[in-house]
Amino acid sequence: MEKTERPIVEHHLDAEGADQLLLAGVNDSNIQELARLFGIRVVLRGDHLVLSGELEPLERAVPVIQHIIELSRLRAPFDAKDVARFADEFESRGGVAPAAEHEETRIALPGTRKVIAPKSEGQARYMDAIQRDDIVISIGPAGTGKTYLAVATAVDALYKKRVRRIILARPAVEAGENLGFLPGDLQEKVDPYLRPLYDSLEDMMPSDRVQRSLEDRTIEIAPLAYMRGRTLSDAFVILDEAQNATASQMKMFLTRLGLNSKVVITGDKTQIDLPSSTDSGLLQVERILQEIDGITFVYLDAMDVIRHRLVKDIIRAYRLADEDGDSV
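Since the model is a prediction, treat every value here as computed from it, not as a measurement. Each residue is numbered by its place in its chain's sequence as written, counting from 1. Thresholds applied to this predicted model are a pLDDT of at least 70 for local features of residues and 80 or more for the giving and counting of side-chain atom pairs; totals over whole chains, interfaces and linings are not thresholded and use all residues. To obtain the side-chain values, all non-hydrogen atoms of the structure were used and water was disregarded.

It is worth spelling out the overall build of the protein chain at this point. Labels follow the DSSP assignment, with helices taken as runs of H or I lasting at least four residues and strands as runs of E lasting at least two, numbered in each case from the N terminus. From N to C terminus, the protein chain includes 11 helices and 11 strands. Burial classification: accessible surface area is computed with a 1.4 Å probe over protein chains only, and a residue below 20% of its type maximum counts as buried, one above 50% as exposed, and the rest as partly exposed. Counting across all 328 residues of the protein chain, residues that qualify as buried make up 47%. Contacts were defined at the residue level, with two residues in contact if any of their heavy atoms lie within 4.5 Å. Relative to all contacts within the protein chain whose residues are 6 or more apart in sequence, the contacts with residues 24 or more apart total 70%. Note on areas: Shrake-Rupley with a 1.4 Å probe; residue coverage comes only from the protein chains shown. A total accessible area of about 17,500 Å² is found for the protein chain, and carbon and sulfur atoms account for 50% of it.

As structure tokens, this is what we get:
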């Protein structure tokens, strides 16, 4: 029996008013990604995008392309990785558009020409919660922007003089290596655990400004244990990798909160490196603080991952393995 060829359909989408460079991407990377994702041909002709291909993939592609045309009209930055993420979101939501970016959640960082904006509905909820509430606890897998968006919001608050200082903390918990075997003094031993916080800062502030802020303690990066006995006022405080804080450390940290301060706690329940006999403080606060007014829990998932597209697939594979009882 001969295979019946499906007819090729052509469809035109109006792109008038869109930033064409943003729409097409560098070296047409966005257009090429659309063609790869849906198996169709995409050509930008003047103020129109011309799509051609079989009807079924064309119908799936149209709402995604309409979405990025609208983003291009708003001059909202995106790239080929975002295009792939939009396609995933449309598919998972049954063709419903992802949440539009809110102007009030976009952060323009002086000195770096960076504009930080939520790239998913979950990230938008997260940034809204940080701006609204005094304590925000964000739980989700790697790559969802938990730390990056918190640091960006903290830097923005510092620039706008809403706080006088930023304090970034992490538990110095061993993950397969022993601190005692690392070279150097105590600070040099714990610095590798704090390096991701330095990296986030250096991506958002000029390096000389970061160095000055660290020297005058406008910004402080320290192991969680160093928070004991302090009162943190007029500060934006971030506890990263909170799944590795013990229950007593978490209580100690939360009770440091002073006047005019904001706390963001981030963690991933699937990456607890504490000994099996030790309770995670993150799991405990999830059980006991849910009903307190002014404390907001924000849950992120694979749909909020903004790293390499394979990270999303890896997270899903591990989740399925856990569900099947095939965890390590």
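Read on for the rest.
Next up on the list: helix H5 (residues 121-132). By definition here, a helix of n residues has an expected span of 1.5 Å times n minus one. With 12 residues, H5 should reach 16 Å at 1.5 Å per residue; the first-to-last C-alpha distance of 17 Å fits that figure. Every buried residue belonging to H5 is among Gly122, Gln123, Ala124, Tyr126, Met127, Ala129 and Ile130, and all of these are buried. Each element contacted by the buried residues of H5 is listed here: strand S4 (107-109), strand S6 (135-139), helix H6 (146-159), strand S9 (235-239), strand S10 (262-267) and strand S11 (295-299).

Here Ser280 lies in the loop between S10 and helix H10 (281-288). A polar contact of 3.2 Å, which involves the side chain of Ser280, links it to the backbone nitrogen of Leu282. Other than its neighbours up to four places away in sequence, Ser280 contacts Ala242, Gln243, Ala245, Ala247, Ile272 and Leu274. A 3.5 Å cut-off defines polar contacts: any pair of N or O atoms within that distance qualifies, except that in protein one atom must be a possible hydrogen donor and the other a possible acceptor, and neighbouring residues in sequence count only when both atoms are side-chain atoms.

As a further point, take the nonpolar core. Counting 33 residues, the largest nonpolar core has Tyr126, Leu168, Leu201, Ile221, Phe236 and Ile238 as the members making the most contacts within it. Contributing elements (two or more residues each) for this core: S4, H5, H6, strand S7 (165-170), helix H7 (186-204), strand S8 (219-223) and S9. Ranked by the residues each element gives to this core, the list is headed by H6, at eight residues. Non-local contacts of Tyr126, meaning those with residues more than four positions away in its chain, are made with Val136, Ser138, Gly145, Lys146, Leu149, Ala150, Val264, Thr266, Val298 and Leu300. Put simply, a nonpolar core is a bunch of buried Ala, Val, Leu, Ile, Met, Phe, Trp, Tyr and Cys residues held in one set by side-chain atoms that sit within 4.5 Å of each other. Within the second largest apolar cluster, 27 residues are counted, among which are Leu13, Leu23, Phe78 and Phe90.

The subject of this paragraph is the confidence of the model for the protein chain. Low pLDDT means the predicted coordinates in that region are not meant to be read closely. Per-residue confidence from the predictor is reported as pLDDT, a score between 0 and 100. Of all residues in the protein chain, 85% attain a pLDDT of 70 or more, and the chain-wide mean is 83. Every residue in residues 174-179 scores below 50 in pLDDT, and together they form nine contacts with partners more than four places removed in sequence or on other chains.

It is worth spelling out unusual backbone geometry at this point. The residue Lys161 is not glycine, and still its phi comes out positive at about 60 degrees. With respect to the secondary-structure elements, Lys161 resides in the loop between H6 and S7. One non-glycine residue, Arg217, lies in the positive phi region at around 65 degrees. With respect to the helices, strands and loops of the structure, Arg217 is situated in the loop between helix H8 (207-215) and S8. The exposed category is assigned to Arg217, whose relative accessible area is 53%.

What follows covers the pairing of S11. The element S11 is largely enclosed, with a buried count of four among its five residues. The pairing criterion for strands is at least two bridges between them, as found by DSSP. Two strands pair when backbone bridges link them, and S6 and S11 are joined in this way by five bridges, in the parallel orientation. Within S11, the residue paired with Ile137 across the bridge is Phe297.

The next thing to look at is the packing of H5 against H6. Running from amino to carboxyl end, H5 crosses H6 at an angle of 35 degrees, the nearest separation of the two axes being 11 Å. Crossing handedness for the pair H5 and H6: right-handed. Residues Gln123, Tyr126, Met127 and Ile130 of H5 form the contact with H6, whose own contacting residues are Lys146, Leu149, Ala150 and Thr153. We call Asp, Glu, Lys and Arg charged. Ala, Val, Leu, Ile, Met, Phe, Trp, Tyr, Cys and Pro are nonpolar, and the rest, Gly among them, are polar. Of the residues that constitute the contact of H5 with H6, the class distribution is five nonpolar, two polar and one charged. All axes here are fitted lines through C-alpha atoms, helices being fitted over the stretch that makes contact, and every angle between N-to-C directions spans 0 to 180 degrees. Left-handed is the label given to a crossing in which the near helix is rotated counterclockwise from the far helix by less than a right angle, and right-handed is the label when the rotation is clockwise.

The subject of this paragraph is the pattern of salt bridges. Salt bridge, as used here, is a side-chain nitrogen of Lys or Arg placed within 4 Å of a carboxyl oxygen of Asp or Glu. Using the criterion set out here, one finds 14 salt bridges in the structure. Among the ionic pairs, Asp79 bridges to Lys81, the shortest N-O distance being 3.4 Å. By relative accessible area, Asp79 is classed as partly exposed at 31%. Here Asp234 and Arg164 are joined by a salt bridge, their closest N and O atoms 3.5 Å apart. Placement of Asp234 in the loop between S8 and S9 and of Arg164 in the loop between H6 and S7 is noted, with a sequence separation of 70 residues between them. Relative accessible area serves as the criterion here: at 22%, Asp234 is assigned to the partly exposed category. The network of salt bridges with shared partners includes Arg170, Asp240 and Glu241.

Looking along a regular strand, one sees the side chains alternate between the two faces of the sheet. In terms of residue burial, S6 counts as a mostly covered element, since five of its five residues are buried. Side chains Ile135, Ile137 and Ile139 project from S6 onto one buried face, and the interleaved Val136 and Ser138 project onto a second face that is buried too. Pairing of S6 with S10, which is carried by five bridges, proceeds in the parallel orientation. If you follow Ile137 over to S10, its bridge partner there is Ile265.

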